[in-house]
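Examination of the molecular architecture
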Amino acid sequence: MSILRRFANSDLGYSFLHSRVVVAAAIVVAVVVVAAVGADALAPHNPFDLASLELFDALTPPAWEAGGQWIYPLGTDDQGRDVLSAIMYGTRVSLMVGFASVALSMAIGIPLGMISGYFGGMLDSVIMRFAEIQLTFPAILIALLIDGIVRTALPRDIHSDIAVFVLIAAIGFSNWVQYARTVRGMTLVERSKEYVQAAQVTGVHPLLIMLRHILPNVASPVLVIATIGLALAIVTEATLSFLGVGVPPTQPSLGTLIRIGNDFLFSGEWWIATFPSVTLVALVISVNLLGDWLRDVLNPRLN
Amino acid sequence: MMVAQTQRPDRAASTPQLVVKDLRKQFDLTRSVAGRLLGHQQYLKAIDGLDIEIARGTTFSLVGESGCGKSTVARCIVGIYKPTSGQVLFDGVDIAQMRGRKVMLPVRRRMQMIFQDPYASLNPRWRVSQIIAEPIRTHGLLPDRQAVQKRVDELLVQVGLAPGDGRKYPHEFSGGQRQRISIARALASSPDLIVCDEPTSALDVSVQAQILNLLRDLQEELGLTYLLISHNLAVVAHMSTRLGVMYLGRLVETGDSQLLFGQPLHPYTRMLLSAVPDVGGAAVKRVAIAGDVPNPISPPSGCSFHPRCPFVQDKCRMVPPVPSMVQGRLVACHVLAEHGELPA
């Protein structure tokens with residue numbers, strides 16, 4: 001309680017509570033995350049338990065439509081799987097891929113950016129040219145490339161087991177440049193400040209200077225990019241899954257659900273594609289709004 | 001008490017704390033790789049042959065206009081910049097060409113720096129006690145956490161703050177108090193030499209005096225040696241034993257502080273001293289400072305001061321002057337070297 005009260009009294013809390021859009025976005029994100037993380041306990045059905053599926057209930061429309069049933073609030077797909085439950089489990093996969101790939105991008109981008117900015121010179125040129133080359137490849141192309149290589153290199157059954165990790169690696173590797181560039185720029189600013197020179201004069205090891213002095217001072221812009229990067233990663237995952245190179249159909253993500261539903265869109269079963277799409281859009285917009293808000297609040301020049 | 005003195009006493013007594021010999025520092029300003037390959041290199045000679053000697057327990061002050069290379073000298077001595085050539089003898093050991101962090105570490109403990117900007121020189125995300133403890137931890141001077149905390153508290157008291165201030169963050173302090181924290185950090189590793197780069201120029205005049213008095217008291221108490229960099233001649237007069245006047249990367253006049261303040265010889269020293277404002281004192285004959293500092297990328301030929309000098313002769317435009325002994329101090333001036341005084 002006291003933590004909540006302290007948050008409400010801080011500048012951050014004030015600006016949060018006084019923006020309806022941001023509060024709404026935070027509520028959407030909270031609902032989606034809770035539903036996804038707690039899917040095992042909260043979902044009305046388990047869409048992956050083949051024994052519980054009723055093929056007679058296939059293609060049931062949403063409950064409020066004619067022929068709908070309240071045990072399937074958002075209807076079912078062609079296999080009789082409950083759309084709401086599938087969305088909850090699918091969001092879990094999407095969020096996991098999103099968080100993990102952002103973590104991977106940060107793990108690559110932050111150290112490279114900091115080394116680049118701190119040491120400068122040749123090392124800086126090499127890392128940054130490498131980053132610029134990487135930037136000329138669209139993220140989806142890199143993801144397709146990595147996926148293609150892994151697909152040909154590994155047998156099919158192994159591939160479907162590690163598909164999620166391939167996806168995380170593909171998205172993570174294609175987004176590290178942003179972190180590296182931002183951290184490099186911030187490091188250049190911090191490095192020239194006198195507190196860093198004081199540590200150098202004292203003889204502190206360069207790695208410790210980067211870790212203990214510079215990293216805490218470059219952390220807030222990284223947090224902002226990470227938030228926006230999370231939305232980007234979720235969309236990239238959905239795109240790849242929609243194209244069929246993402247997660248396997250046995251473990252559908254939001255993108256996979258949309259792709260499956262897409263086949264039924266013109267035969268009148270609109271709900272199979274629409275509800276996962278709405279979830280995806282709501283989640284991504286909300287995360288983006290939160291990221292924008294964080295960027296504005298944490299930028300001292302705008303205060 | 002904390003660290004055994006590594007120097008043999010006989011050597012420690014006879015060698016000056018710091019000797020700088022023919023120090024040079026060039027910055028490469030060449031923009032393009034092509035220019036570099038074709039040999040169109042542009043250099044800024046920030047320091048162009050500098051000699052300084054600082055005896056133990058004394059203060060040597062370096063003064064000059066902005067951009068004359070004072071701060072570069074400080075940064076070359078403490079090792080933030082690598083000198084292009086020359087020697088920096090600390091206790092008789094040349095540290096200018098030392099490579100590697102491990103080799104430098106014992107010297108680093110004995111040499112500290114106080115910076116100009118009390119707002120940028122303390123990490124905003126660290127508590128004051130962490131900031132002050134950093135040199136102690138880096139050099140592994142004390143065995144455990146309690147001992148470090150005790151030492152930090154001692155240092156806080158020594159610089160006129162309260163032990164409880166260690167728990168606060170730098171933004172909770174005023175500029176003068178922050179400079180005290182900087183001084184406490186500089187003292188933490190029990191150094192012999194402290195390089196003070198404009199330690200008071202970011203402070204209010206009333207606070208300046210407090211900080212200078214603190215520095216002077218600490219010098220007496222701990223036998224510290226100071227290299228003081230300043231553009232403020234009032235500060236320098238208050239503090240220094242010896243004085244060096246710098247112009248475009250060279251010393252134009254070096255000598256006893258009292259002597260130089262009482263009877264400046266070099267035309268540039270005279271100009272600087274006449275620019276010191278004084279309130280209500282006797283009217284002093286002032287020499288106006290004419291012209292601007294020339295571009296250090298393409299310094300004037302001969303004596304670099306000749307375009308601004310009222311006593312300029314033909315020789316000054318061609319041959320750079322070599323410092324020579326005139327009336328008890330070293331002066332780099334052709335006119336003074338020949339006549340022993342300036343024409344009236």
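Being a predicted model, the structure only gives us computed values, none of them experimental. (Residues numbered from 1 in each chain as written. Chains lettered and ligands numbered in written order. Predicted model: local features only at pLDDT ≥ 70, side-chain atom pairs only at ≥ 80, totals over all residues. Heavy atoms only, no water.)

Looking only at helices and strands, one finds 12 helices and 0 strands in chain A. Along the chain direction, N to C, the helices and strands of chain A fall in the order α-α-α-α-α-α-α-α-α-α-α-α. Summarising its shape, the C-alpha atoms of chain A cover approximately 75 × 55 × 30 Å along the three principal directions. When each of the 303 residues of chain A is scored for burial, the buried share is 46%. Here the analysis covers contacts within chain A between residues at least 6 apart in sequence; of these, 69% occur between residues at least 24 apart. Summed over all atoms, the accessible surface of chain A reaches about 15,100 Å², with 69% contributed by carbon and sulfur. Distance between charge centroids for chain A: 16 Å, based on 16 positive and 21 negative side chains. (Helix = DSSP H or I, 4+ residues; strand = E, 2+ residues; numbered from the N terminus. Buried < 20%, exposed > 50% of the residue type's maximum accessible area, 1.4 Å probe, protein only. Contact = heavy atoms within 4.5 Å. Areas by Shrake-Rupley, 256 points an atom, 1.4 Å probe, with all protein chains shown as cover. Lys, Arg positive; Asp, Glu negative; His and termini not counted. Charge placed at Lys NZ, Arg CZ, Asp CG, Glu CD.)

Looking now at the domain arrangement of chain B. Residue and element names in this part refer to chain B. The domain architecture assigned to chain B consists of domain 1 (54-81 + 95-236) and domain 2 (241-277 + 284-344). Centre-to-centre, using C-alpha coordinates, domain 1 lies 31 Å away from domain 2. With 14 residues of domain 1 at the contact, the number on the domain 2 side is 18 residues. Broken down residue by residue, the surface that domain 1 buries against domain 2 is led by Glu-65, Cys-68 and Leu-233, which jointly contribute 42%. Where domain 1 touches domain 2, the interface holds 1 salt bridge. The closest approach of N and O atoms between Arg-308 and Glu-65, which form a salt bridge, is 3.1 Å. (Domains from an automatic or database assignment. Buried area = accessible area lost by both parts, 1.4 Å probe. Salt bridge = Lys/Arg side-chain N within 4 Å of Asp/Glu carboxyl O.)

Here we take up the UniProt feature "domain: ABC transmembrane type-1" (unreviewed entry) in chain A. The UniProt entry lists residues 91-291 of chain A under the feature "domain: ABC transmembrane type-1" (unreviewed entry), expressed in the numbering used here. Along residues 91-291 of chain A the backbone is 86% helical and 0% strand, and the end-to-end C-alpha distance reaches 19 Å. (UniProt positions renumbered as here; feature names shortened; annotations may be inferred.)

This paragraph deals with the pattern of salt bridges. Residue and element names in this part refer to chain B. Applying the stated criterion to the full structure yields 20 salt bridges over all chains. Salt-bridge contacts for Lys-70 lead to Glu-198; the nearest nitrogen and oxygen are separated by 3.6 Å. With Lys-70 in helix α3 (residues 70-78) and Glu-198 in the loop between β7 (193-197) and α8 (205-222), this pair connects stretches of sequence that are 128 residues apart. For Lys-70, a relative accessible area of 6% corresponds to the buried category. For the salt bridge of Lys-168 with Asp-165, the shortest nitrogen-to-oxygen distance reads 3.2 Å. The exposure class assigned to Lys-168 is partly exposed, which follows from its relative accessible area of 31%.

A separate point is the interface of chain A and chain B. Contacts between the two partners involve 17 residues from chain A and, on the opposite side, 25 residues from chain B. A per-residue breakdown of the area chain A buries against chain B is headed by Glu-194, Val-201 and Thr-202 of chain A, which together make up 37% of the total. Across the chain A-chain B interface, the total number found is 0 salt bridges. Counting every contact that joins chain A to chain B gives 13 residue pairs in polar contact (both at pLDDT 80 or more). At the level of secondary structure, the elements contributing two or more residues to the side of chain A that touches chain B comprise α9 (194-202) and α10 (206-243) of chain A. The element that contributes the greatest number of residues to the side of chain A that touches chain B is α9 of chain A, accounting for 8 residues. In the side of chain A that touches chain B, the residues fall into 7 nonpolar, 7 polar and 3 charged. (Polar contact = N/O pair within 3.5 Å; in protein donor to acceptor, adjacent residues only side chain to side chain. Nonpolar A, V, L, I, M, F, W, Y, C, P; charged D, E, K, R; others polar.)

All names here are of chain A. The full count for this structure, using the stated rule, is 10 aromatic pairs over all chains. Ring geometry for Trp-64 against Phe-275: centres 6.1 Å apart, planes inclined by 90 degrees, an arrangement best described as edge-to-face. Highlighted residues: Trp-64 in the loop between α4 (39-42) and α5 (83-119) and Phe-275 in helix α12 (residues 271-298), separated in sequence by 211 residues. Trp-64 sits in the exposed class, given a relative accessible area of 51%. Here Phe-275 falls in the buried class, since its relative accessible area comes to 15%. Linked through ring pairs, Trp-64, Trp-270, Trp-271 and Phe-275 together constitute an aromatic cluster. (Phe/Tyr/Trp six-rings, centres within 6.5 Å; stacked < 30°, edge-to-face > 60°.)

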